[in-house]
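A closer look at the structure
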Amino acid sequence: MIELEGVPELIDPVMVAAFEGWNDAGDAASTAVAHLEREWKGEVFAALDAEDYYDFQVNRPTVWMDAGVRKITWPTTRLSVVRVGGEKPRDLVLVRGIEPSMRWRSFCNELLGFAHELGVELVVVLGALLGDTPHTRPVPVSGVTSDSDLAQRMDLEETKYEGPTGIVGVLQEACTHAGVPAVSLWAAVPHYVSQPPNPKATLALLNRLEDLLDLRIPLGELPEDARAWQVGVDQLAAEDSEVAEYVQTLEEARDTAELPEASGEAIAREFERYLRRRDVNPPGGHATADGSDGASYLRDNPGNPAGKARPPRPPRPDTPGSTENSGDTGDSGNPGPDGEDTSED
């Protein structure tokens, strides 16, 4: 039995979770939850026992000094609660940690125990995957669920993914089997610029979370950071003709695929978000589309001393059937009905 002392009765609580590791390309998902904690001044009320779930040779503890005293921070998963004000106040239970090294079923059961005790009505798990998406276009964010009724009610994709999965997929299925409504939101991070941070992907996840929960999230400096990030990647691409050519190929593919979808739905979502904000003052490897681990293109190596991105050349028209496998393709690099799941479910 989980006993929660000092936690007040919550209003329409929703659990929002993210985990560093395979399901967190560019640290986009974990940074999104960290942003919510920071902006709403979340108070940690519980932490899972690190000894139960983590291999400390994989996720090492860190030593730091506090007023001359050495202290150790152990890798774990922590829970905090924040209250979102407004006309319809509600509470968010924020879960932020690291993908566990072992005992995943027990890990999920422990989180579900907290959800049950707190009366959580919905679990939203954030993830980010590496994909064939250009940094110059809006970040694709897919919303998926295993519940067909929930998919219809919340305009989500019903997942059909089969393949390797991470803690996001396992937690979502654990929620489903326990009768707790659960949704996963996946942002696709360009595989050729996969190093964290990626404020543009974090911003996209928070915008989608706003739409899903019908609330307003204070964004702080994120929009400016996202613009600066894109300018920086633009400059990187401009310095390398291969990268520039590759990005152009991705842009053309993306624009062609989305042209028929120039419906008013996306515009309507942006307009609703604008209305929400108008009069309110602000208070290791990663999953890939094919389920493999992705490797960053921005790592220094003897052949690339400047550390510039060197993605593979796109397939040429005269090589039918050829594929460009970056090795960093995002798990659901092209988030779609199942794309986003690919990252992990």
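Computed from a predicted structure; not experimentally measured.

**Side note on the nonpolar core**
- If you look at the biggest cluster of nonpolar residues, it comprises 41 residues, and the most contacted ones within it are Val16, Leu92, Val124, Leu126, Leu185 and Leu213.
- Looking at which element gives the most residues to this core, the answer is helix 6 (residues 199-213), with eight residues.
- For Val16, the residues in contact, after removing those within four places along its chain, are Val33, Leu36, Leu92, Val93, Leu94, Val95, Val124, Leu126 and Leu209.
- Within the second largest apolar cluster, 37 residues are counted, among which are Val7, Leu171, Ala174 and Trp186.

**Details of the pairing of strand 4 (residues 69-73)**
- The pairing of strand 3 (residues 62-66) with strand 4 spans five bridges and is classified as antiparallel. Paired with Trp64 across the bridge in strand 4 is Lys71.
- Hairpin geometry of strand 3 and strand 4 is characterised by an intervening segment of two residues between the two adjacent antiparallel strands and by a positive phi of about 55° at Ala67.

**Digging into the packing of aromatic side chains**
- Under the defined criterion, the tally for this structure stands at five aromatic pairs.
- Between Phe45 and Phe114, the aromatic rings sit 6.3 Å apart at their centres with planes inclined by 70°, giving edge-to-face as the arrangement. Taken together, the residues Phe45 in strand 2 (residues 43-47) and Phe114 in helix 3 (residues 104-118) connect sequence positions 69 residues apart.
- Consider the rings of Tyr53 and Phe107, whose centres lie 5.3 Å apart with planes at 85°: the pair is edge-to-face. In this pair, Tyr53 is assigned in helix 2 (residues 50-53) and Phe107 in helix 3, connecting sequence segments 54 residues apart.
- Here Tyr53 falls in the buried class, since its relative accessible area comes to 3%.

**A closer look at unusual backbone geometry**
- Here the bond from Pro196 into Pro197 is cis, since omega is 0°, no more than 30 degrees from zero.
- Phi angles above zero are rare outside glycine, and Lys41 is one such case at about 55°.
- Within the secondary structure layout, Lys41 lies in the loop between helix 1 (28-39) and strand 2.
- The phi dihedral of Asp214 falls on the positive side, at around 55°, and the residue is not glycine.
- Its place among the elements puts Asp214 in the loop between helix 6 and helix 7 (222-238).
- Residue class for Asp214 comes out exposed when judged on its relative accessible area of 56%.

**Some words on the side chain of Thr145**
- Residue position: Thr145 is located in strand 8 (residues 141-145).
- Using a relative accessible area of 0% as the deciding quantity, one classes Thr145 as buried.
- Those residues in contact with Thr145 that lie beyond four places of it in its chain are Leu150, Ala151, Leu156, Glu157, Glu158, Thr159, Gln172 and Ala182.

**A look at the packing of helix 1 against helix 6**
- Helix 6 packs onto helix 1 with a crossing angle of 60° between their chain directions and a minimal axis gap of 8 Å. In terms of orientation, helix 1 and helix 6 fall into the oblique class. With respect to the hand of their crossing, helix 1 and helix 6 are arranged in right-handed fashion. Of the residues in helix 6, those touching helix 1 at Ala28, Ala29, Thr31, Ala32, His35 and Leu36 are Ala201, Thr202, Leu205, Leu206 and Leu209.
- Within the contact of helix 1 with helix 6, the residues separate by chemical class into eight nonpolar, three polar and no charged.

**Remarks on the pattern of salt bridges**
- Scanning all chains against the criterion turns up five salt bridges.
- Measuring nitrogen to oxygen at the nearest pair gives 2.7 Å for the salt bridge that ties Arg83 to Asp91.
- The partner of Arg137 in a salt bridge is Glu251, with the nearest N and O atoms 3.7 Å apart. Here the residue Arg137 occupies a position in the loop between strand 7 (122-131) and strand 8, and Glu251 occupies one in helix 8 (residues 241-258), the gap between them amounting to 114 residues.
- For Arg137, a relative accessible area of 22% gives the class partly exposed.
- With a relative accessible area of 17%, Glu251 lands in the buried category.

**Considerations on a nonpolar patch on the surface**
- Taken together, the side chains of Val63, Ile72 and Trp74 make up a nonpolar region of the molecular surface, amounting to roughly 280 Å² of accessible area.
- You can see Val63 is positioned in strand 3.

**Section: helix 7**
- If you check helix 7, its first and last C-alpha atoms are 24 Å apart, about what 17 residues at 1.5 Å a residue would give, namely 24 Å.
- Among the residues making up helix 7, those that are buried are Leu222, Ala226, Trp229, Val233, Leu236 and Ala237. Projected down its long axis, helix 7 carries its buried residues within an arc of 95°, all on one side. Turned more than 90 degrees off the buried face of helix 7, the exposed positions are Glu224, Arg227 and Ala238.

**Digging into the confidence of the model for the protein chain**
- With 74% of its residues at a pLDDT of at least 70, the protein chain reaches an overall mean of 80.
- Summarising per-element confidence for the protein chain, the mean pLDDT is lowest in helix 9 (residues 264-278) (54) and highest in strand 1 (residues 14-20) (98).

**Digging into the sheet that holds strand 2**
- Spatially, 2-5-6-1-7-10-8-9 is the arrangement adopted by the eight strands of the open sheet, whose pairing is mixed. Each having just a single partner strand, strand 2 and strand 9 (157-158) make up the two edges of the open sheet.
- Bridging between strand 2 and strand 5 (residues 78-84) involves four bridges; their strand directions are antiparallel. Looking at the pairing, Val44 lines up with Ser80 of strand 5.
- Running over the sheet, helix 5 (residues 167-177) touches strand 1, strand 7, strand 8 and strand 10 (182-190) and is turned about 165° from strand 10.
- Packing against the sheet, helix 6 makes contact with strand 1, strand 6 (90-98), strand 7, strand 8 and strand 10, and its axis sits at approximately 155° to strand 10.

Calculation notes
- Residues numbered from 1 in each chain as written.
- Predicted model: local features only at pLDDT ≥ 70, side-chain atom pairs only at ≥ 80, totals over all residues.
- Heavy atoms only, no water.
- Core = buried A, V, L, I, M, F, W, Y, C linked by side-chain atoms within 4.5 Å.
- Buried < 20%, exposed > 50% of the residue type's maximum accessible area, 1.4 Å probe, protein only.
- Helix = DSSP H or I, 4+ residues; strand = E, 2+ residues; numbered from the N terminus.
- Contact = heavy atoms within 4.5 Å.
- Pairing = 2+ DSSP bridges.
- Phe/Tyr/Trp six-rings, centres within 6.5 Å; stacked < 30°, edge-to-face > 60°.
- Axes fitted to C-alpha atoms, helices over the stretch in contact; angles between N-to-C directions.
- Parallel < 35°, antiparallel > 145°, perpendicular 65-115°, else oblique.
- Left-handed = near helix turned anticlockwise from the far one by under 90°.
- Nonpolar A, V, L, I, M, F, W, Y, C, P; charged D, E, K, R; others polar.
- Salt bridge = Lys/Arg side-chain N within 4 Å of Asp/Glu carboxyl O.
- Patch = residues over 30% accessible without salt bridge, like charges linked within 9 Å, V, L, I, M, F, W, Y side chains within 5 Å.
- Areas by Shrake-Rupley, 256 points an atom, 1.4 Å probe, with all protein chains shown as cover.
- Expected span 1.5 Å × (residues − 1).
- Arc of directions from axis to C-beta.
- pLDDT = per-residue confidence, 0-100.

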